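Residues per chain, in single letters:
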Amino acid sequence: MDSTNFRDLSVEEFDTTTLLQHANEQAIQRRYEDFFICDCDGHHYETESFKSIAEYIEDPVMRDQAKYQGFGGAGITGGGNYQPLGGRVTRYPGRRKEKTPPGLNRDIVLTKRWMDAVGIDMLNIFPTPMLGLGFTPRVDVEVALARAYNRWLCDEVLAHEPRICSSLYLPMNDPEAAYKVVMDFAGRKGVVGFTVCTARHKQLYDNAYMKTYAAIEERGLPLNFHSQFGGASDQSLNLCNRFMAAHALGFSWFNILHMTNWICNGLPERFPKLKTIWVESGLAWIPFLMQRLDNEWMMRSSEVPLLKRKPSDYMREMYYSTQPMEMVHNREALELTFKMINAETQLCYASDYPHWDMDLPSTIYDLPFLSETAKRNILGGNAKRLYNLEPVVSEVKQRRLAARSAAE
């Protein structure tokens, strides 16, 4: 093949709405305007707004460091990891070229574009490179960037767009700093919970974190455990020589690890009103862990005296995000998984857009074994209940409903 045939997308060619044309056709065909859809895990790339975020860093010396040299070596940007598949996932480089109207917040504009195309009314937004900060050797950097990002997100995005909310990043490498984030940001507009990135080598059951969990529970907010693939930052995953291998294992592994410790140390009993949701690790690992922990518990329950029930009983009361849902042409296995986790009341739709393995709402809507009620719960109702949301219907859906009403 002639190498001259390869070229980058031009600025004029790349547009989120055009890119997601088929997703939009799905939304129209399935009449998503008839019900509320909430995406409990969508992303933006905060590094593209890093210059603005750096202005929110409270320490003046660190603020100057970030402005003039960045923190690439500290883990916020990281190195190449093959996620874009050598440029074949065009929305990765394309989004940096996409045009937005002058004077408007670029993150809000681009986020609403893909939300509207997919059919999403409300979004719980997460950062992306920052999810790897748990492995940075500089604790002060994680704390500084977490506070700066949270302040920027609240001031520049959440305060101006009711369709976008967030569960704010907790700098868990510093327990006191994590507690201060809860105290400083709970109650801010659009803050619907807090997030622990589980890709970290910390004992999240340490007593130093208990007042943080208590503060979140007292405010009636959920705690998100958002996984990440870890990659070269974890010695065991560093044995993988393919991104596919590290990705397949890492996202599930970190949530498996921390959920096991969460249960075995009796946190569900210590904080019975604290709702937890385990995000971006798929679903296949949950039945495995239920069976594995129940089996161990029946033989060694004396080691976990705080537990009053089987581990799986606690797990069925937790919430989970759908993406990346394992769609491997084994409907029986998927249906059994849904049954084991009480999906109708505990599963929340997530797209994970703009990542390469994103899922559209149709992954749930088209499942033949789900009732209409279950579909609507998973696509929005469960998230509404979990995050105490006041639903906001997208402008696009409002126009479609108005057009249908006029036609009738």
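Thresholds, definitions, all that
- Residues numbered from 1 in each chain as written.
- Predicted model: local features only at pLDDT ≥ 70, side-chain atom pairs only at ≥ 80, totals over all residues.
- Heavy atoms only, no water.
- Pairing = 2+ DSSP bridges.
- Helix = DSSP H or I, 4+ residues; strand = E, 2+ residues; numbered from the N terminus.
- Contact = heavy atoms within 4.5 Å.
- Axes fitted to C-alpha atoms, helices over the stretch in contact; angles between N-to-C directions.
- Left-handed = near helix turned anticlockwise from the far one by under 90°.
- Nonpolar A, V, L, I, M, F, W, Y, C, P; charged D, E, K, R; others polar.
- pLDDT = per-residue confidence, 0-100.
- Salt bridge = Lys/Arg side-chain N within 4 Å of Asp/Glu carboxyl O.
- Phe/Tyr/Trp six-rings, centres within 6.5 Å; stacked < 30°, edge-to-face > 60°.

## Some details on the sheet that holds strand S7 (residues 319–321)
And step 1. The strand order across the open sheet formed by eight strands is S1-S2-S3-S4-S5-S6-S7-S8, and the pairing between neighbours is parallel. The open sheet terminates on both sides in strands that have one partner only, identified here as strand S1 (38–43) and strand S8 (347–348).
And step 2. In this sheet, S7 lies alongside strand S6 (residues 276–279) in parallel orientation, the contact comprising two bridges. What sits directly across from tryptophan 278, in S7, is tyrosine 320.
And step 3. Taken strand by strand, helix H7 (residues 139–158) contacts strand S2 (122–126), strand S3 (164–169) and strand S4 (191–197), and its axis lies near 165° from that of S3.
And step 4. Relative to S4, helix H8 (residues 175–185) is tilted by about 170°, and along the sheet it contacts S3 and S4.

## Quick look at the packing of helix H10 (residues 243–264) against helix H12 (residues 285–300)
And step 1. At a minimum axis separation of 11 Å, H10 and H12 run at an interaxial angle of 35°. Remark: the crossing between H10 and H12 carries right-handed chirality. Residue-level contacts link Ser252, Asn255, Ile256, Met259, Thr260 and Ile263 of H10 to Trp285, Phe288, Leu289 and Leu293 of H12.
And step 2. For the contact of H10 with H12, a count of residues per class yields seven nonpolar, three polar and no charged.

## Examining the confidence of the model for the protein chain
And step 1. In the predicted model, the protein chain carries a mean pLDDT of 92, and the fraction of residues at 70 or more is 92%.
And step 2. Taken together, the stretch residues 73–80 has pLDDT below 50 and engages in 16 contacts with residues farther than four places along the chain or on a different chain.

## Considerations on the pattern of salt bridges
And step 1. Inspection of the entire model under this criterion finds 23 salt bridges.
And step 2. We note a salt bridge from glutamate 58 to arginine 151, for which the minimum N-O separation is 4.0 Å. Separated by 93 residues along the polypeptide, glutamate 58 in the loop between helix H3 (50–54) and helix H4 (60–69) and arginine 151 in helix H7 bring together distant segments of the chain.
And step 3. Between glutamate 395 and arginine 163 there is a salt bridge; the shortest N-O distance is 3.0 Å. Residue glutamate 395 is located in helix H18 (residues 395–407), and its partner arginine 163 is located in the loop between H7 and S3; the two are separated by 232 residues in the primary sequence.

## Observations regarding the packing of aromatic side chains
And step 1. Taken as a whole and assessed by the stated rule, the structure comprises 16 aromatic pairs.
And step 2. With centroids separated by 5.1 Å and ring planes inclined at 70°, the aromatic side chains of phenylalanine 225 and tryptophan 262 adopt a geometry described as edge-to-face. Here phenylalanine 225, found in strand S5 (residues 223–226), pairs with tryptophan 262, found in helix H10; they are 37 residues apart in sequence, far enough to count as distant.
And step 3. For the ring pair phenylalanine 229 and phenylalanine 251, a centre distance of 6.3 Å and an interplane angle of 40° mean the geometry is tilted.

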